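Each chain, written out:
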Amino acid sequence: MEWLTAPFEVAFVQRALWAGILVSAICALAGTWVVLRGMAFLGDAMSHGLLPGVAVAALLGGNLLVGAVVSAAVMTAGVTALGRTPRLSQDTGIGLLFVGMLSLGVIIVSRSQSFAVDLTGFLFGDVLAVRESDLVLLGAALLLALAVSVLGHRAFLALAFDARKARTLGLRPRLAHAVLLGLLALAIVASFHIVGTLLVLGLLIAPPAAALPWARGVRGVMLLAAALGATATFGGLLLSWHLSTAAGATVSALAVSLFFLSHLASGLRHRRRARRAGLLASAAPFTANAPTTRPNET
């Protein structure tokens, strides 16, 4: 029992756990729509697109979070604008923004004397360096994400299945898409300094994808994804403590492992149900030909 509890008796590990739980909840709210709409590449592009703002903030000695917000706003506006260009596919526009913003960020960071340290911290985060002020910001981000998710749920749902029907219902799909991009940017900005931009997709995509075969309805996916993300956080911090591995990477790797375990179990369940249905179908003719008259009573 001490093996399970000993790491979480340390204050900075406790803060890391709470940060991971809050990030998991935020990522569950945004990541569910990312998975349902097949927007994983967009999430990856937006996470890397934060680099220029973070790099400028680091060079000027400013707040990295503010720099990340500015970059996220630029990426969101760019993706929205390019999505309205009829001659350019959305994937092409996202790819160009992705490479352009990442290249600009690396150029800016290369001007710093601590290039390797800055870039490593940006890419992989440092969940064990979370402060109490970071927890307050994550709590505020979660409340904002909840408000956006509740208010935009109907529009997001219609947009996920049929944008034309959303337009017919008067739900303004372009505005809903822009707000959804803002929700995605909020999740990435809130998470990048915890697990880094390379690993944020682990918590953004893996838990909702793992929850998808088991949950009924979008809200069920979100709740189960948040629980799976919290589980990955707890297990990742525990393994990191005992195995002396990178905490953020361990959390992200465990989240991806839960995804593969979930789909393996889902596949086994599907095969069992198919086998059972086959047995019932093969038994149906015998049941139909069985005698239905009762024997004469003596």
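In this text, all values refer to a predicted model and were calculated from it rather than measured experimentally. (Residues numbered from 1 in each chain as written. Predicted model: local features only at pLDDT ≥ 70, side-chain atom pairs only at ≥ 80, totals over all residues. Heavy atoms only, no water.)

1. Regarding the overall build of the protein chain
Our working definition: In DSSP terms, a helix is any run of H or I states spanning at least four residues, a strand is any run of E spanning at least two, and both are numbered starting from the N terminus. The rule is simple: take the accessible area with a 1.4 Å probe, protein chains only, and divide by the maximum for that residue type; under 20% is buried, over 50% is exposed, in between is partly exposed. Residue contacts follow a heavy-atom distance rule, with two residues in contact if any of their heavy atoms lie within 4.5 Å. Throughout, the Shrake-Rupley method with a 1.4 Å probe supplies accessible areas, and for residues the shown protein chains are the sole cover considered.
Looking only at helices and strands, the protein chain has 13 helices and 0 strands in total. Along the chain direction, N to C, the helices and strands of the protein chain fall in the order α-α-α-α-α-α-α-α-α-α-α-α-α. Put simply, the protein chain has 298 residues, and 43% of those count as buried. The contacts of the protein chain with a sequence gap of at least 6 include a subset with a gap of at least 24, amounting to 76%. For the protein chain, the exposed area adds up to about 16,100 Å²; of that, 66% sits on carbon and sulfur atoms.

2. As for helix α12 (residues 218–243)
The periodicity of an α-helix, 3.6 residues per turn, causes residues three or four places apart in sequence to face the same way. Operational definition: In a helix, the anticipated span is given by 1.5 Å times the number of residues less one.
Taking 1.5 Å per residue as the helical rise, α12 with its 26 residues ought to reach 38 Å, and the 36 Å between its terminal C-alpha atoms agrees with that figure. Immediately beyond the C-terminal end of α12, within one or two residues, lies S244, with a positive phi of roughly 60°.

3. Quick look at a positive patch on the surface
Heads up, the rule is: By definition, no residue in a patch forms a salt bridge, and every one has over 30% relative accessible area; like charges are joined within 9 Å, nonpolar side chains (Val, Leu, Ile, Met, Phe, Trp, Tyr) within 5 Å. By salt bridge we mean one thing: a side-chain nitrogen of Lys or Arg within 4 Å of a carboxyl oxygen of Asp or Glu. Charge assignment: positive for Lys and Arg, negative for Asp and Glu; neither His nor the chain ends contribute. The atom standing in for a charge is NZ when the residue is Lys, CZ when it is Arg, CG when it is Asp and CD when it is Glu.
Residues R216, R271, R272, R273, R275 and R276 make up a contiguous surface patch of positive charge. Its location among the elements puts R271 in helix α13 (residues 247–289).

4. Some words on helix α5 (residues 64–83)
Taking 1.5 Å of rise per residue, 20 residues should cover 28 Å, and α5 covers 28 Å from first to last C-alpha, within 8% of that figure. What α5 keeps buried is the set G67, A68, S71, A72, M75, T76, G78, V79 and T80. Where the residues of α5 are buried, they touch α3 (40–48), α4 (51–60), α6 (90–109) and α10 (173–195).

5. A look at the side chain of S262
If you trace the backbone, S262 turns up in helix α13. Apart from residues lying up to four places away in sequence, S262 is in contact with A210, P213 and W214.

6. Describing the packing of helix α2 (residues 11–36) against α12
Short version of the rule: The angle between two axes is taken between their N-to-C directions and runs from 0 to 180 degrees, where each axis is a line fitted to C-alpha atoms and a helix contributes only its stretch in contact. Each crossing gets its handedness from the near helix: less than a right angle anticlockwise from the far helix is left-handed, clockwise is right-handed.
Packing of α2 against α12 brings their axes to within 8 Å, and their N-to-C directions diverge by 145°. Handedness of the α2/α12 crossing: right-handed.

7. Side note on the confidence of the model for the protein chain
Worth spelling out the cut-off: Confidence scores here are pLDDT values: one per residue, from the predictor, ranging 0 to 100.
Confidence in the prediction for the protein chain averages 82 pLDDT; 88% of positions are at 70 or higher. The lowest-confidence element of the protein chain is helix α7 (residues 115–124), averaging 61 in pLDDT; the highest-confidence one is α12, averaging 93.

8. Thoughts on a nonpolar patch on the surface
A cluster of nonpolar side chains, namely M1, W3, L4, F234, L239 and L243, defines an oily patch on the protein surface of about 640 Å² accessible area. Within the residue set of the nonpolar patch, elements represented by two or more residues are α1 (2–5) and α12. If one sorts the elements of the nonpolar patch by residue count, α12 sits on top with 3 residues. Counting through the fold element by element, W3 comes out in helix α1. W3 sits in the partly exposed class, given a relative accessible area of 48%.

9. Concerning the packing of α4 against α5
Spelled out, the test is: Angle categories: roughly parallel below 35 degrees, roughly antiparallel above 145, roughly perpendicular from 65 to 115, and oblique for all the rest. Residues were grouped as follows: Ala, Val, Leu, Ile, Met, Phe, Trp, Tyr, Cys and Pro as nonpolar; Asp, Glu, Lys and Arg as charged; and all remaining residues, including Gly, as polar.
At a minimum axis separation of 7 Å, α4 and α5 run at an interaxial angle of 150°. Overall, the two elements α4 and α5 adopt an arrangement that is roughly antiparallel. For the pair α4 and α5, the crossing hand works out as right-handed. Here P52, G53, V54, A57 and A58 of α4 come into contact with α5, specifically with L64, G67, A68 and S71. For the contact of α4 with α5, the per-class residue count stands at 6 nonpolar, 3 polar and no charged.

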